[in-house]
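# Survey of secondary and tertiary structure
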Amino acid sequence: LSTNTHSVVIVGYGGMGSYHAKLIANNTRLKVTGTYDILEERRKVSEEDGYPAYENYEAVLNDPAVDVILIATPNDVHKELVITALRHGKHVICEKPVTMFVKDFEEMMAVSEETGRVLMVHQNRRWDEDFLIIKEMYDKGMIGDLFQIESRVHGANGIPGDWRHLEAYGGGMLLDWGVHLLDQFVFMIDSRIKSVTSRLSFILGDEVDDGFEATLEFENGVTAIAEVGTTNFITLPRWYVKGTEGTAVIEDWSLKGRAVIQNREVGKVEPKPIKAGVGLTKTMAPPSEEATLTESLPEPFQHKSSFYDNFADVVEGEAEPIVKNNEVLRVLNLIENVFKAARTREVVKDFDIYEPKN
Ligand code: NAD
């Protein structure tokens, strides 16, 4: 195992920047040696937290002791900060969404290739356990082949903070949470996207979306629905998935959930009619208990390493990135098309350029 330490300067010492500092403190390969924030009050907080604050970005760029720059600013300035960092010979970790548009990320990728410096996007929710349980079910067929995957995050606190309310900064929930949910789909579902429909919500009167719903159809027959809401005082389950042999649910971040599977040992059991409302139904009667098995959720899929360890490995040429830039590009293209589908109220089908070849 490598014992190299890579010195990291965090640029943008706000909510996420300071969280990175806490996480990296537990990592043996990376070490936070300083920060830079445009706000003096944030530079002060950084100093109080024990991380020396640079006076300006040039000082970070020109410091030969800095190996890695981690960008955790609002989304609109990611591109410029990343490109200058790469051009100064630094490796870069950039927060999500890496940019708002495909063409901007293409430019950033080109500079990364040209300079031979690593650029890796912090799609950290690929490591979320709830997602990794669903990925395990998708890969191993615990409830048969998944054909409908519904992924939701619901809050009741509206859009948080300041810049997330504004389009110019890359605000809105599709760019904020949507980029995670769609990234999880693209990482898990091994097929090309056939079509997208979507609807954005503007319940709170912001200029950006306060939530959205997007439905993706994949060529392998999977339908995936992502939904984000910020006005949901009662939440729907985090995950609801249907397979050819059962159904599974993960209620929330506590990972409470279950799978209900057809019992192959027992033949088909005729349902008994139930009274439903004022009517009678067999169709909607619950599955018979003898014909089904209720099981606990599987152990989550395990990545080979953490985000930060993987980044260090990639810098040292020891591994492939777990978050690959062509996947990030694919998600940005998908987001552009989710916006387009919402705007035109049409089914969008033109995915050919960025989708993997069959
Ligand atoms: P924030 O507003 O709390 O912090 C942003 C900080 O950047 C502020 O302190 C601000 O002063 C500073 N800043 C702005 N422009 C700058 C510049 N040009 N140079 C240096 N500093 C600058 O925002 P946040 O919630 O921390 O979000 C920051 C980024 O992290 C966003 O891209 C966001 O999407 C991402 N984020 C990711 C996750 C995740 O789990 N991956 C979670 C939260 C936020």
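Located above this text is the structure these notes cover.
Residues numbered from 1 in each chain as written. Predicted model: local features only at pLDDT ≥ 70, side-chain atom pairs only at ≥ 80, totals over all residues. Heavy atoms only, no water.

## Considering the overall build of the protein chain
Counting its regular elements, the protein chain contains nine helices and 15 strands. In summary, the protein chain has a C-alpha radius of gyration of 23 Å against a globular reference of 21 Å for 358 residues, a match within 12%. Along the first, second and third principal axes, the C-alpha atoms of the protein chain reach 75 × 50 × 45 Å. Relative to its 358 residues, the protein chain shows a buried fraction of 51%. Put simply, of all contacts in the protein chain between residues at least 6 apart along the chain, 70% involve residues at least 24 apart. When the accessible surface of the protein chain is summed, it comes to about 17800 Å², and 50% of that surface belongs to carbon and sulfur atoms. (Helix = DSSP H or I, 4+ residues; strand = E, 2+ residues; numbered from the N terminus. Rg over C-alpha atoms; globule rule 2.2 N^0.38 Å. Buried < 20%, exposed > 50% of the residue type's maximum accessible area, 1.4 Å probe, protein only. Contact = heavy atoms within 4.5 Å. Areas by Shrake-Rupley, 256 points an atom, 1.4 Å probe, with all protein chains shown as cover.)

## A short note on the packing of helix α6 (residues 129–140) against helix α7 (residues 173–188)
Contact geometry for α6 and α7: axes closest at 11 Å, N-to-C directions at 25°. By the angle between their axes, α6 is roughly parallel relative to α7. In the packing of α6 onto α7, the handedness of the crossing is right-handed. Of the residues in α7, those in contact with F131, I134, K135 and Y138 of α6 are Q184, F187 and M188. Of the residues that constitute the contact of α6 with α7, the class distribution is five nonpolar, one polar and one charged. (Axes fitted to C-alpha atoms, helices over the stretch in contact; angles between N-to-C directions. Parallel < 35°, antiparallel > 145°, perpendicular 65-115°, else oblique. Left-handed = near helix turned anticlockwise from the far one by under 90°. Nonpolar A, V, L, I, M, F, W, Y, C, P; charged D, E, K, R; others polar.)

## Section: the sheet that holds strand β6 (residues 146–154)
One open sheet accounts for eight strands, arranged β7-β8-β9-β6-β10-β11-β12-β15; its pairing is mixed. This sheet does not close on itself; its edge strands, each paired only once, are β7 (193–201) and β15 (292–295). Averaged over all pairs of adjacent strands, the angle between their axes in this sheet comes to 10°, without regard to strand direction. (Pairing = 2+ DSSP bridges.)

## Examining the pattern of salt bridges
Inspection of every chain in the model, using the stated rule, returns 20 salt bridges. Of the charged contacts, one joins R125 and D128 as a salt bridge, the two residues approaching to 2.8 Å between their closest N and O atoms. A relative accessible area of 21% means that R125 is categorised as partly exposed. For E150, the salt bridge goes to R152, with nearest N and O atoms at 2.9 Å. The same class applies to E150 and to R152, which are both buried. (Salt bridge = Lys/Arg side-chain N within 4 Å of Asp/Glu carboxyl O.)

## Examining the site of the ligand
Taken together, 25 residues surround the ligand, and among them M16, D37, N75, K96 and N124 come closest. For the ligand, a nitrogen atom lies 3.1 Å from a polar atom in the side chain of E95. Within the side chain of N124, one N or O atom sits 2.8 Å away from a nitrogen atom of the ligand. Burial of the ligand by the protein amounts to 83% of the accessible area it has alone, namely 850 Å². Elements represented by at least two residues in the shell around the ligand include exactly α1 (15–24) and α7. Across the shell around the ligand, the residue classes tally to ten nonpolar, nine polar and six charged. Taken together, domain 1 (6–122) and domain 2 (126–255 + 297–303 + 334–344) each give at least three residues to the shell around the ligand, which thus spans both. (Near = heavy atom within 4 Å. Polar contact = N/O pair within 3.5 Å; in protein donor to acceptor, adjacent residues only side chain to side chain. Domains from an automatic or database assignment.)

## Some words on unusual backbone geometry
Following K96, the chain continues to P97 via a peptide bond in cis, the omega torsion being -20°. In this structure, P97 sits in the loop between β4 (91–95) and α5 (102–115). The backbone of R345 sits at a positive phi, close to 55°, despite the residue not being glycine. Within the secondary structure, R345 is located in the segment after α9 (325–344). Look at R345 and you get exposed, because its relative accessible area is 76%.

## Let's talk about the nonpolar core
Grouped together as the largest cluster of nonpolar side chains are 51 residues, with contacts concentrated most on Y57, I69, I71 and F105. Those residues in contact with Y57 that sit more than four places away from it in its chain are V11, Y36, I69, I71, L81, T84 and A85. Formed by 49 residues, the second largest nonpolar core is a distinct cluster that contains L146, V179, A259 and A342. (Core = buried A, V, L, I, M, F, W, Y, C linked by side-chain atoms within 4.5 Å.)

## Some thoughts on α6
Look at α6: 16 Å from first C-alpha to last across twelve residues, which is about the 16 Å you get at 1.5 Å a residue. When we look at burial in α6, the residues that qualify are D130, F131, L132, I133, I134, K135, E136, M137 and Y138. Residues of α6 that are buried sit in contact with β6, α7, β10 (239–243) and β11 (246–250). (Expected span 1.5 Å × (residues − 1).)

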